[in-house]
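# Topology and contacts: notes
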Amino acid sequence: MSKRDNDSGEVAVPHAEESIEEPVKGGPEAGESDSVPIPKRVSARFVTGARNIGGGLTHTITTGHQTDDEIRRLLVERQLNAHESVRETAREELDAVTKRIVRLELRGAEDGWTDAEKREISGLRAERKMRDRALRDLLKDGFAPRQPTSEQIARARRISSAKRVVGAGILCGCALALSLTAPQFLLLALPTLLGTLWWKGGSSLELGQRPVPERLLARPELDPPAPGEEAGPGELFEPFPIRDVTTAADAQEALRRALVHEGAVIESVGDGVRESWGWSVRVVCSSGSPDDFNEQRTYRNLITLLKLRRNGLLIETDPEFGDTCTVRMVLRDPFTPEVIGPVPYRAPLSMSITDTADYGVGMDSTPLMFTLAGLMLLMVADSGGGKSGVMLAMGEVATACHDAVVVNLDPAGTGIGDLGPAITLNACMDEKLIRATLEFLLSYCSARARQRASYGWGNKWRVSRDHPAICVFVDEWPQLSEKTKKLLVRLLLLGRKEAIWVFAGSQFGTKDYLGEAIGPKLSAKLLGACRRVDITELMGAGAVAEGYRADLLQAATHTAKNDAGQIYAHGLPGMPNKPMRYQVREISPEYAGRVATERRDAGLPDLTHTLTEAGLLKEWEQLQMLCAAGADYSPGGAQTPVPEILGDLRDAFSLKENPDFLTMDQIHDHLRTVDPDRWGQWDDRPDKDRLRELGKALRRALVEAKANGLSSEKLKEADGARGLRREAVEAALRGAQEGGG
């Protein structure tokens, strides 16, 4: 013992302190090795190992080991794989078509092609061209990922965890079943389990997130957006409503996101214009077609994403560029009184029928301006669609002209009768008078054709004060009888060159209601609120996809105007043929009556000069008298109806500019268009047999019409071919009209 210890007098205390502190410096295990039994230390290590393994498995099953960036990259990788898969599929399909073409070409070089193989290879070449163009379009589009939001990342974690829980449950179930059915396997598994528990019990549990795998870091397409773009999760990619947008750039972006959300591949979205009713934005597709936006499901989804009013999305395809359209997003009524403006005043006799008149306004604020001259027009609209109002607007213009006479026909109502004082001939709610008027106008067509030839005017009537046009307004076309419908269709075919122009209205546009499929052949079509089938019947199968959405318009009711007077137009002179919605200005009955009285007092255009030359003045005056009195038309009235076959022959000459003769071939061509079932039944026979059967049928028809003096003859001017001379047909017509048969 040292002197220092002896001097302090604290010999036992320092030794006691050293015996207590030494185990602490050596660690708890050093102390336990002396005081804790070995079995207890072994069991504690196994428990620690089980706790470590359980914690690690839970951490992995709940995807706690994966960072948000790793999950984001996995989600973007799926988009990239789908992007590349589409292009790879397109390449494989193109290669398959090319291989089929090569096989056929090799076979054709050796053995020649059959007709079927020629058609097949022609179709394959067209398909290869289409697929090659489609692949080039796809390759132009770079990969533009839609970055997942934080909610989408959290959802991906939950889905991944659920899958891992299910997988772990299945493994545990299999292990339990194995241990119950084959306990001997536990003798093999138990040492491995104990070794693992002992190994894991010797270290502390460390839970953390692993680095992003190298395979995900190696693809630059999976990198996060640039720092300047990180405005918030999904902000650059999620659609947003357009109703709160205040700038053109925001309107364009809202539309772009909505279109991309619906799978559209867009090249550009630009030219956003703020309108009084909403926004107009021009869109160019890099693949696909703007027609796809009008597909029913896509259309409804776009309205929901943009938060527009019902039917408030109008896709107007460009008539020149197939990849371009103008999207109009309607937030409020586009046609307020301030936008439409008042009806322009037109003084009596102040304009020509060839002048352009202003009828209304389009959604892009362009005026609806066109001339009535030369139009054979059909407007289709449901009851309440504004059909009569639009026709009244055209009638108001026609009655202001110094070179146009107006005729009003309506089997079920008064037509444009609000302009009554300015209308030269009214035949309404009387089938016989309407039929008589149409028969007279058809006769006048032939007379004008002869006059036109004698004047040397070429292929159309020259409208002037002395030679006015005739504007025939026909409402409620389907209400006409079948016979009267045929007369109207014939007038539509023959009247244009003779300046006898028809403006017809109907609630339906299909052949079942019009009598013949004449609608698509007419030069001008107007569509108000109507059925889809009416749109496609008049404008073609793809009209709805192009943007002619008259089926979205709502007809007026007794208490609400709705979309009455709104139209789509096609074939109007000076107006573009595109699916633009227009509003026609309403002509009130009071306004129509006032201006009509002014025009009557100023004097209406007169047909006396041309009718006198045509020898039809007496018949015209008698027809006017009968219409004014509302009397029934009889054969002793204005004119005896001619037999149908003679009328058809007369029309055949009129359509050919009234030549001196027509061969039987030319006559057959016309008769087949009039009644294909009757006159087209020999088309499959040789020409000699066909013309022989035609001659027999024509002779029978002329005998039934009591036109025995008219028959075909050999024409020296046509190298001896048989035919009819115009003079003979006209003589038969005069005989029929005089009742001499």
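Residues numbered from 1 in each chain as written. Predicted model: local features only at pLDDT ≥ 70, side-chain atom pairs only at ≥ 80, totals over all residues. Heavy atoms only, no water.

## Here we look at the overall build of the chain
- Looking only at helices and strands, the chain has 26 helices and 17 strands in total.
- Here the C-alpha atoms of the chain give a radius of gyration of 44 Å, more than 25% beyond the 27 Å that 2.2 N^0.38 yields for 741 residues.
- Overall size of the chain, expressed as C-alpha extent along the three principal axes, is 165 × 75 × 45 Å.
- Counting only residues that meet the buried cut, the chain has 42% of its 741 residues in that class.
- Once local pairs closer than 6 in sequence are excluded, the contacts in the chain between residues at least 24 apart make up 69%. (Helix = DSSP H or I, 4+ residues; strand = E, 2+ residues; numbered from the N terminus. Rg over C-alpha atoms; globule rule 2.2 N^0.38 Å. Buried < 20%, exposed > 50% of the residue type's maximum accessible area, 1.4 Å probe, protein only. Contact = heavy atoms within 4.5 Å.)

## A short note on the packing of helix α23 (residues 664-674) against helix α25 (residues 687-704)
- As a packed pair, α23 and α25 sit with axes 11 Å apart at the nearest point and diverge in direction by 70°. Classified by the angle their axes make, α23 and α25 are roughly perpendicular. α23 and α25 meet at a crossing whose hand is left-handed. Packed against α23, whose contacting residues are M664, D665, H668, L671 and R672, the element α25 presents R690, L691, L694, G695 and L698 at the interface.
- Grouping the amino acids of the contact of α23 with α25 by side-chain chemistry returns five nonpolar, two polar and three charged. (Axes fitted to C-alpha atoms, helices over the stretch in contact; angles between N-to-C directions. Parallel < 35°, antiparallel > 145°, perpendicular 65-115°, else oblique. Left-handed = near helix turned anticlockwise from the far one by under 90°. Nonpolar A, V, L, I, M, F, W, Y, C, P; charged D, E, K, R; others polar.)

## A few points about the nonpolar core
- Of all hydrophobic cores here, the largest spans 110 residues; its most connected members are M394, Y444, W477 and L572.
- In terms of residues, this core owes the most to one element, helix α14 (residues 431-455), which gives 10 residues.
- Ignoring sequence-local partners within four residues, the contact set of Y444 consists of Q451, I470, I500, L607, T610, L611, A614 and L616.
- Counting residues in hydrophobic clusters, the runner-up holds 27 residues, among them L255, A258, V281 and Y299. (Core = buried A, V, L, I, M, F, W, Y, C linked by side-chain atoms within 4.5 Å.)

## Some details on the environment of V407
- Among the secondary structure elements, V407 is positioned in strand β8 (residues 404-410).
- Judged by its relative accessible area of 0%, V407 is buried.
- For the pair formed by V407 and L617, sequence separation is 210 residues and the distance between their alpha carbons is 16 Å.
- The contacts of V407, once residues within four sequence positions are left out, are L425, T437, I470, C471, V472 and F473.

## Describing the packing of helix α10 (residues 248-261) against helix α11 (residues 296-306)
- Where α10 meets α11, the axes come as close as 10 Å, and the angle between the chain directions of the two elements is 140°. With respect to their mutual orientation, α10 and α11 come out oblique. Regarding α10 and α11, the two cross each other, and that crossing is right-handed. Each of A254, L255, A258, L259 and H261 in α10 lies in contact with α11, whose residues at this interface are L302, L305 and L306.

## Considerations on the confidence of the model for the chain
- Scored by pLDDT, the chain comes out at a mean of 84, with 90% of its residues at no less than 70.
- Predicted confidence is poor over residues 228-236, with pLDDT under 50, and the contacts of this stretch with residues over four places away or in other chains come to nine contacts.
- Counting interchain partners and residues more than four positions distant, the pLDDT-below-50 stretch residues 631-639 has 24 contacts. (pLDDT = per-residue confidence, 0-100.)

## Some words on α14
- Along its 25 residues, α14 runs 35 Å from first to last C-alpha, staying within 8% of the 36 Å computed at 1.5 Å per residue.
- Most of α14 is tucked away, with 18 of its 25 residues classed as buried.
- Two or three places before K432, at the start of α14, stands the capping residue D430, its side-chain oxygen 3.1 Å from that residue's backbone nitrogen.
- The first or second residue beyond α14 is G456, which carries a positive phi of 70°. (Expected span 1.5 Å × (residues − 1). Polar contact = N/O pair within 3.5 Å; in protein donor to acceptor, adjacent residues only side chain to side chain.)

## A closer look at the packing of aromatic side chains
- Applying the stated criterion to the full structure yields 10 aromatic pairs.
- Centre to centre, the rings of Y359 and F370 are 4.4 Å apart; their planes meet at 20°, and the pair counts as stacked. Placement of the pair is Y359 in strand β5 (residues 357-362) and F370 in strand β6 (residues 367-370), with a sequence separation of 11 residues. Of the two residues, Y359 and F370, neither departs from the other in class, the shared state being buried.
- Here the basic side chain of R448 rests over the ring of W461, its NZ or CZ set 4.2 Å away from the ring centre.
- Across from the ring centre of Y299, 5.2 Å away, lies the NZ or CZ of R549, which sits over that ring. (Phe/Tyr/Trp six-rings, centres within 6.5 Å; stacked < 30°, edge-to-face > 60°. Lys NZ or Arg CZ within 6 Å of the ring centre and 35° of its normal.)

## Let's talk about the environment of G272
- Along the chain, the position of G272 falls in strand β1 (residues 266-275).
- Measuring from C-alpha to C-alpha, the distance between G272 and R282 comes to 6.7 Å, with 10 residues separating the pair along the chain.

## Observations concerning helix α13 (residues 387-398)
- For α13, which comprises 12 residues, the first-to-last C-alpha distance of 17 Å matches the rise-based estimate of 16 Å (1.5 Å per residue) to within 8%.
- Among the 12 residues of α13, 10 are classified as buried, and the element is accordingly described as predominantly covered.
- Within α13 the residues assigned to the buried category are K387, V390, M391, L392, A393, M394, G395, E396, V397 and A398.

## Section: the pattern of salt bridges
- In total, this model carries 39 salt bridges according to the counting rule given.
- Between D69 and R73 there is a salt bridge, with its nearest N and O atoms 3.0 Å apart. Within this pair, D69 and its partner R73 are both found in helix α5 (residues 68-111), separated by four residues, close to a single helical turn.
- A relative accessible area of 26% means that D69 is categorised as partly exposed. (Salt bridge = Lys/Arg side-chain N within 4 Å of Asp/Glu carboxyl O.)

## Regarding the environment of E727
- Tracing the backbone shows E727 in helix α26 (residues 726-737).
- Overall, E727 belongs to the exposed group, its relative accessible area being 64%.
- On a C-alpha basis, the gap between E727 and D292 in space is 57 Å, while along the polypeptide they are 435 residues apart.

## A short note on the sheet that holds β8
- Taken in spatial order, the 10 strands make up an open sheet running β6-β5-β14-β13-β12-β7-β11-β10-β8-β9, and their pairing is mixed. On the outer flanks of this sheet lie β6 and β9 (425-428), each paired with one strand and no other. Strand-to-strand twist of the sheet, defined as the mean angle between neighbouring strand axes without regard to direction, takes the value 25°.
- Relative to strand β12 (residues 524-527), helix α17 (residues 532-539) is tilted by about 165°, and along the sheet it contacts β7 (377-380), β12 and β13 (566-570). (Pairing = 2+ DSSP bridges.)

## Examining the pairing of β7
- Judged by which residues are buried, β7 turns out to be covered on both faces: L377 and M379 on one side and L378 and V380 on the other are all buried.
- Two elements, β7 and strand β11 (residues 500-506), share four bridges in a ladder whose sense is parallel. For L377, the partnering residue across the bridge sits in β11 and is F503.
- Sheet analysis places β7 next to β12, joined by four bridges and oriented parallel.

## Remarks on a nonpolar patch on the surface
- A cluster of nonpolar residues, L178, F185 and L188, forms a patch on the protein surface that exposes about 310 Å² of accessible area.
- Within the secondary structure layout, L188 lies in helix α8 (residues 184-201). (Patch = residues over 30% accessible without salt bridge, like charges linked within 9 Å, V, L, I, M, F, W, Y side chains within 5 Å. Areas by Shrake-Rupley, 256 points an atom, 1.4 Å probe, with all protein chains shown as cover.)

## Considering unusual backbone geometry
- The backbone of K307 sits at a positive phi, close to 60°, despite the residue not being glycine.
- Within the element layout of this structure, K307 appears in the loop between α11 and β3 (313-317).
- For K307, a relative accessible area of 37% puts it in the partly exposed group.
- A positive phi angle, close to 55°, is found at M429, a residue other than glycine.
- Along the chain, M429 falls in the loop between β9 and α14.

## Topic: the sheet that holds β3
- Pairing is antiparallel in the open sheet, where four strands are placed in the order β1-β2-β4-β3. Sheet topology places β1 and β3 at the edges, where each strand pairs with a single neighbour. The average undirected angle you get between the axes of adjacent strands in this sheet is 20°.
- The pairing of β1 with strand β2 (residues 278-285) spans seven bridges and is antiparallel. The residue bridging G270 from the neighbouring strand is R282, located in β2.

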